[in-house]
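In case you want the letters, here they are:
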Amino acid sequence: MHNIWRHTAPANIALIKYMGKTDASSNIPTNSSLSYTLNNYLTTVELELAEHDQWQPWNEQNPFNIALTETAQQRFIKHLQFIKKQLNCPAHFIIRSTNNFPANCGIASSASSFAALTKAAVQAICELKQIPLLSIEQQARLSQQGSGSSCRSFYSPWCLWQGDNVKPVDLAYKELDHAVILVNAGTKAVSSSSAHQRVTTSLLFSNRVERAEQRLTILLDMLSQSHWKDAFQIVWEEFWDMHALFETARPSFGYMTADSMKVLQYVRDCWQQYKDGPLTTLDAGPNVHLLFRPDQQSLKTALLQYLQEHYHVI
Ligand code: DP6
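Residues numbered from 1 in each chain as written. Predicted model: local features only at pLDDT ≥ 70, side-chain atom pairs only at ≥ 80, totals over all residues. Heavy atoms only, no water.

Chemist: Provide a residue-level description of the nonpolar core, including the pertinent values.
Modeler: Judged by nonpolar contacts, the single largest core of 51 residues is most densely connected at Leu 34, Trp 158, Ile 181, Leu 219, Leu 290, Leu 304 and Leu 307. The element that contributes the greatest number of residues to this core is helix α6 (residues 228-247), accounting for seven residues. Sequence-distant contacts of Leu 290, that is, excluding residues within four places in its chain, are made with Asp 177, His 178, Ala 179, Ile 181, Val 267, Pro 278, Leu 279, Thr 280, Leu 303, Leu 304 and Leu 307. Membership of the second largest hydrophobic core comes to 34 residues, among which are Ile 77, Leu 117, Phe 154 and Tyr 155. (Core = buried A, V, L, I, M, F, W, Y, C linked by side-chain atoms within 4.5 Å. Buried < 20%, exposed > 50% of the residue type's maximum accessible area, 1.4 Å probe, protein only. Helix = DSSP H or I, 4+ residues; strand = E, 2+ residues; numbered from the N terminus. Contact = heavy atoms within 4.5 Å.)

Listed below in structure tokens is the structure:
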């Protein structure tokens, strides 16, 4: 019998965004979302049997070890306790977690962290209780309760999350190259969990579901039929829509900086010049995420070469 369990889960980037909840306590999204899984960006969570539930720093040297704030530690412990309750488990654990990517690199670690914690907790509890391991679908649903976007990290390369249904989708582009133009590595003033609440005060929020669902239908179609340019247009409109919700909330808030705008302008120029370019999106942050097709290597090199002269690119 083990007393230590380790599990790993990837981050993901949404092209149709989860923004707004119909039920905040269980992270039920107002609209469907579609994401691409970032299999190179991983969180590992280790659970060890203990006297009481606690969080501890990772116990090995690692340049990207996470120093969780008190609030983040409590949120993590709360999620473990939620899973324990669901599975009727009396045991206690030490939670340790680490990333293979730097914090504040423009990639949200909450999706990968909560997915890895869920996997480790489910594995540990099922083994201790000698019950069959929960299905991936059941694990994804549990994970959603900890952090909504983490449920999408259970499927790769594409995941569709609609209400309480999370599933993989088969689209034409199986493997994409992901890059982040890091315009600002600082921590955000408004967390994404708080953004979910604040966007509901925007007058634009009343039609948000229709817009997101309509885009989702079109985007799935475009990505199935390899219509890359049309997919770019939809993905572009979608992140602007989400950022417009932030900017028109009452009171307004925002994440984009002058540098985000410069990068976006450059990407648009590239699209105009080459009639081709990367899918481009921003999360609740100022950093610009680019997704390239594997056959776009020379375009990617040219574009990133210029951007690297001004920004950190990862
Ligand atoms: C902007 O999953 O971080 O990245 O459910 O409150 O934990 P909670 O929120 P979270 O929200 C992610 C928002 C987003 C868009 C997305 O990933 O779909």
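Chemist: So what's going on with the pairing of strand β8 (residues 165-168)? Residues and values would help.
Modeler: Each regular strand displays side chains that alternate between the two surfaces of the sheet. Pairing of strand β7 (residues 158-162) with β8, which is carried by four bridges, proceeds in the antiparallel orientation. Opposite Cys 159, over in β8, you have Pro 168 as the bridge partner. From the end of β7 to the start of β8, which pair antiparallel, there are two residues, and Gly 163 there has a positive phi angle of about 60 degrees. (Pairing = 2+ DSSP bridges.)

Chemist: Run through the packing of aromatic side chains, naming residues and quoting values.
Modeler: Each aromatic ring pair is summarised here by two numbers: the centre-to-centre distance and the angle between the ring planes. Counted according to the given criterion, the structure contains 14 aromatic pairs. Seen from their ring centres, Trp 5 and Phe 93 are 6.1 Å apart, and the 80 degrees between their planes marks the pair as edge-to-face. Placement of Trp 5 in strand β1 (residues 4-16) and of Phe 93 in strand β6 (residues 92-99) is noted, with a sequence separation of 88 residues between them. Residue classification places Trp 5 among the buried residues on the basis of a relative accessible area of 3%. Judged by relative accessible area, which is 0%, Phe 93 ranks as buried. Through pairs of rings, three or more aromatic residues link up here, namely Phe 232, Trp 236, Phe 239, Trp 240 and Trp 271. Note that Lys 119 overlies the ring of Phe 154, its terminal NZ or CZ placed 5.8 Å from the centroid. (Phe/Tyr/Trp six-rings, centres within 6.5 Å; stacked < 30°, edge-to-face > 60°. Lys NZ or Arg CZ within 6 Å of the ring centre and 35° of its normal.)

Chemist: Before we move on, could you go through the packing of helix α1 (residues 70-86) against helix α3 (residues 136-146) and cite the residues and values that matter?
Modeler: Relative orientation of the contacting elements α1 and α3 amounts to 140 degrees, with a least axis distance of 9 Å. Taken together, α1 and α3 sit at an angle that is classed as oblique. As α1 packs across α3, the resulting crossing turns out to be right-handed. On α3, the residues that touch Arg 75, His 79, Phe 82, Ile 83 and Gln 86 of α1 are Leu 142, Ser 143, Gln 145 and Gly 146. For the contact of α1 with α3, the per-class residue count stands at three nonpolar, five polar and one charged. (Axes fitted to C-alpha atoms, helices over the stretch in contact; angles between N-to-C directions. Parallel < 35°, antiparallel > 145°, perpendicular 65-115°, else oblique. Left-handed = near helix turned anticlockwise from the far one by under 90°. Nonpolar A, V, L, I, M, F, W, Y, C, P; charged D, E, K, R; others polar.)

Chemist: Hey, could you go over the side chain of Thr 281 for me, with residue numbers and the actual values?
Modeler: Tracing the backbone shows Thr 281 in strand β10 (residues 279-281). Relative accessible area serves as the criterion here: at 2%, Thr 281 is assigned to the buried category. A polar side-chain atom of Thr 281 sits 2.9 Å from a polar atom in the side chain of Lys 17. Not counting residues within four places of it along the chain, the set of residues in contact with Thr 281 comprises Ile 13, Ala 14, Leu 15, Lys 17, Val 235, Phe 239, Asn 287, Val 288 and His 289. (Polar contact = N/O pair within 3.5 Å; in protein donor to acceptor, adjacent residues only side chain to side chain.)

Chemist: Help me get a handle on the sheet that holds strand β12 (residues 312-313), residues and values and all.
Modeler: Ordered by their spatial adjacency, four strands build an open sheet running β10-β11-β9-β12, and the pairing between neighbours is antiparallel. Looking at the sheet topology across the chains shown, the edges are occupied by β10 and β12. Bridge analysis of strand β9 (residues 177-182) against strand β11 (residues 288-292) gives five bridges, and the strand direction is antiparallel. Bridge pairing in β11 places Val 180 opposite His 289. Sitting on the sheet, helix α7 (residues 258-274) touches β9, β10 and β11, and the angle it makes with β11 is about 25 degrees.

Chemist: Give me the lowdown on the site of the ligand, citing residues and values where you can.
Modeler: Taken together, 18 residues sit near the ligand, with Tyr 18, Arg 75, Ser 147, Ser 149 and Ser 193 positioned nearest. For the ligand, an oxygen atom lies 2.7 Å from a polar atom in the side chain of Ser 193. In this structure, an oxygen atom belonging to the ligand sits 2.9 Å away from a side-chain N or O atom of His 196. The protein chains hide 95% of the 460 Å² of surface that the ligand would expose on its own. It is helix α4 (residues 192-198) that contributes the most residues to the shell around the ligand, three residues altogether. Tallied by class, the residues present in the shell around the ligand amount to five nonpolar, eight polar and five charged. (Near = heavy atom within 4 Å. Areas by Shrake-Rupley, 256 points an atom, 1.4 Å probe, with all protein chains shown as cover.)

Chemist: Give me the lowdown on unusual backbone geometry, citing residues and values where you can.
Modeler: In the segment running from Ser 156 into Pro 157, the intervening peptide bond is cis, with an omega of 0 degrees. Structurally, Pro 157 can be placed in the loop between α3 and β7. A positive phi angle, close to 55 degrees, is found at Asn 27, a residue other than glycine. As for its placement among the helices and strands, Asn 27 is situated in the loop between β2 (21-23) and β3 (28-29). For Gln 130, which is not a glycine, the phi torsion comes out positive at approximately 50 degrees. Following the sequence through the fold, Gln 130 ends up in the loop between α2 (110-129) and α3. Taking the relative accessible area as the measure of exposure, Gln 130 reaches 67% and is therefore exposed.

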